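Chain and residue survey
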Amino acid sequence: MTPYQLKQKEVIEKIEEKLKNNTVDFSTVSPVEDWETDNRICLTGVHILNGFILGQIAEKIIKPLWEISPEHHYYSNETLHSTIKNIRVISDPPRFSNEDIQNAKEVLAKVVTAHKTFQAFFYRLIIFPGSLNLVGTTEEELNSLILDLDQNLKARNIIDDKVYSDPKTFFANITLARFTKAVSDDFKQKVEELNKTLIF
């Protein structure tokens, strides 16, 4: 494991500690009872999942959790994604304009293609107040990409309004489910069980 990955793990562990102690000081998405009718929207750069990892997540994580708690909103194979760069947090009304969307598209197209691909190593499920997320470490290129996107977006007056646990160290993150109510003990137990064998 590289020094950068060790730093990412440290950030993830601090997030888990804050969640455990109910001392969250970073942005999270509030749960709603019906995600199908939720009008909140965010502006975010994502990587749509495909191939091996998509099948593994659907079969080995989402399916067994859905069997325990089908009431939650689970992302479908078509919508599962890894967040690359938050631009504006989820809100109704939206905190961005059509001009922001166009500018963000142009920045993403220019900046992303200037960076090399990188590997992600997913290893942990985390229960946030409103969601279940799969997190992991990456090569350092992710940090370089995010900071470059941030700088170019700021140059277009698009300021990221998300509050980060650590605004200088980023990690791989996939939201798997959004909660419609408090998670059950069985759900929590299954997440812990999955965490014992999880590596992608």
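Our structure is the block above this text.
Residues numbered from 1 in each chain as written. Predicted model: local features only at pLDDT ≥ 70, side-chain atom pairs only at ≥ 80, totals over all residues. Heavy atoms only, no water.

Topic: the pairing of strand β4 (residues 120-127)
Bridge count between β4 and strand β5 (residues 131-138): seven bridges; the pairing is antiparallel. Bridging across to β5, Ile 126 finds its partner in Asn 133. Here β4 folds back onto β5 in antiparallel fashion, the turn holding three residues. (Pairing = 2+ DSSP bridges. Helix = DSSP H or I, 4+ residues; strand = E, 2+ residues; numbered from the N terminus.)

Let's talk about the nonpolar core
Judged by nonpolar contacts, the single largest core of 24 residues is most densely connected at Ile 57, Ile 61, Leu 80, Leu 125, Leu 132, Leu 134 and Leu 176. The set of elements that each furnish at least two residues to this core consists of α2 (51-68), β4, β5, β6 (172-178) and α5 (185-195). In this structure Leu 80 touches Ile 48, Leu 49, Leu 54, Ile 57, Ile 62, Tyr 75, Ile 174, Thr 175 and Leu 176, once residues within four positions along its chain are discounted. With 11 residues, the next largest nonpolar core counts Leu 43, Leu 149, Leu 153 and Ile 158 among its residues. (Core = buried A, V, L, I, M, F, W, Y, C linked by side-chain atoms within 4.5 Å. Buried < 20%, exposed > 50% of the residue type's maximum accessible area, 1.4 Å probe, protein only. Contact = heavy atoms within 4.5 Å.)

Comments concerning the layout of surface pockets
Rolled over the atoms, a probe as big as a water molecule pinpoints where empty space is left. Here the largest pocket is characterised by a volume of approximately 1000 Å³. If you trace the largest pocket, you find 37 residues lining it, with Val 29, Thr 83, Lys 162, Asn 173 and Arg 178 closest to the centre. Secondary structure elements with two or more residues in the lining of the largest pocket: α1 (3-20), β1 (41-48), β3 (81-91), β5 and β6. Broken down by element, the lining of the largest pocket gets its largest block of residues, seven residues, from β3. Looking at the lining of the largest pocket residue by residue, the classes come out as 18 nonpolar, 13 polar and six charged. Its boundaries defined by the atoms lining it, the second largest pocket holds a volume of some 550 Å³. Contributing to the lining of the second largest pocket are 25 residues, with His 47, Ser 82, Ile 84, Phe 118 and Ala 120 lying nearest its centre. When residues of the lining of the second largest pocket are traced back to their parent elements, those giving at least two are β1, α2, β3, α3 (98-112), β4 and α4 (141-155). Here the residues of the lining of the second largest pocket are counted per class, giving 15 nonpolar, nine polar and one charged. (1 Å grid on protein atoms, 1.4 Å probe; cavity = no way out; pocket = protein on both sides within 12 Å on 5 of 7 lines; lining within 4 Å. Points joined across faces, edges and corners; volume = space filled by probe spheres on them. Nonpolar A, V, L, I, M, F, W, Y, C, P; charged D, E, K, R; others polar.)

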